[in-house]
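# Residue-level structure breakdown
Read off the chains here:
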Amino acid sequence: QVQLVESGGGLVQAGGSLRLSCAASARTFNTYAMGWFRQTPGKEREFVGAVSWNGGDTYYADSVKGRFTISRGNVKNTAYLQMNSLKPEDTAVYYCAAKLSFKIHSRPSEYDYWGQGTQVTVSS
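Cut-offs used in this document
Residues numbered from 1 in each chain as written. Predicted model: local features only at pLDDT ≥ 70, side-chain atom pairs only at ≥ 80, totals over all residues. Heavy atoms only, no water. Helix = DSSP H or I, 4+ residues; strand = E, 2+ residues; numbered from the N terminus. Rg over C-alpha atoms; globule rule 2.2 N^0.38 Å. Buried < 20%, exposed > 50% of the residue type's maximum accessible area, 1.4 Å probe, protein only. Contact = heavy atoms within 4.5 Å. Areas by Shrake-Rupley, 256 points an atom, 1.4 Å probe, with all protein chains shown as cover. Lys, Arg positive; Asp, Glu negative; His and termini not counted. Charge placed at Lys NZ, Arg CZ, Asp CG, Glu CD. Phe/Tyr/Trp six-rings, centres within 6.5 Å; stacked < 30°, edge-to-face > 60°. Disulfide = S-S within 2.5 Å.

## Describing the overall build of the chain
- If you tally the helices and strands in the chain, you get zero helices and 11 strands.
- Reading the secondary structure of the chain in the N-to-C direction produces β-β-β-β-β-β-β-β-β-β-β.
- Scaling as 2.2 N^0.38, a compact globule of 124 residues should have a C-alpha radius of gyration of about 14 Å, and the chain matches this with 13 Å.
- Reported as C-alpha extents along the three principal axes, the dimensions of the chain are approximately 40 × 30 × 25 Å.
- Taken across its 124 residues, the chain has 48% of its residues classed as buried.
- Long-range contacts, defined as pairs at least 24 residues apart, comprise 59% of the intrachain contacts of the chain with a sequence gap of at least 6.
- Working note: accessible area of the chain is about 6400 Å², and carbon and sulfur atoms make up 47% of it.
- For the chain, the distance from the average position of its 13 positive side-chain charges to the average position of its 9 negative side-chain charges is 5 Å.

## Points about the environment of G15
- With respect to the secondary-structure elements, G15 resides in the loop between β2 (10–13) and β3 (18–24).
- With a relative accessible area of 54%, G15 lands in the exposed category.
- It is 38 Å that separates the C-alpha atoms of G15 and Q1, two residues lying 14 residues apart in sequence.
- When neighbours within four sequence positions are excluded, G15 is seen to be in contact with S85 and L86.

## Let's talk about the packing of aromatic side chains
- One pass over the structure, following the stated rule, counts eight aromatic pairs.
- Between W53 and F102, the ring centres sit 5.2 Å apart and the planes meet at 85 degrees, which makes this aromatic pair edge-to-face. Taken together, the positions of W53 in the loop between β5 (46–51) and β6 (58–60) and F102 in the loop between β9 (92–100) and β10 (113–114) put the pair 49 residues apart, joining distant regions of the chain.
- For F102, a relative accessible area of 55% gives the class exposed.
- Judged by centre distance (6.5 Å) and plane angle (80 degrees), the rings of Y95 and W114 are edge-to-face.

## Re the state of the cysteines
- Evaluated as defined, the whole model comprises one disulfide.
- Each sulfur in the disulfide pair C22 and C96 lies 2.0 Å from the other. Across the S-S bond linking C22 and C96, the dihedral sits near 60 degrees, which makes this disulfide right-handed. Of this pair, C22 sits in strand β3 while C96 sits in strand β9; the two residues are 74 residues apart in sequence, bridging distant segments of the chain.
- C22 sits in the buried class, given a relative accessible area of 0%.

Take a look at the structure:
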């Protein structure tokens, strides 16, 4: 069982930045691919980006490409989502997810463990 805890959400003005963190309890964190998703009321969970087990590969949704950066620190068992140039349409609850895999995954159904989510609100 892996527990994931997100932090770093909050209220920010359009054009601002936030960094989300996802702390994992897994002792073998470096065998898990990590993903970030977001969800707004009434909509399905949306893929934001993902990072491979060693941080060597990343993949982003077109809507965030060039603005968001995913990284991970395997010593600290933490994944990060750096969000720059935020827009009001980025407002959502953001979730991190983990999958025991050496590949990158973009579908929510592929992930085994989820955090509780953290709210990001971007004001115009």
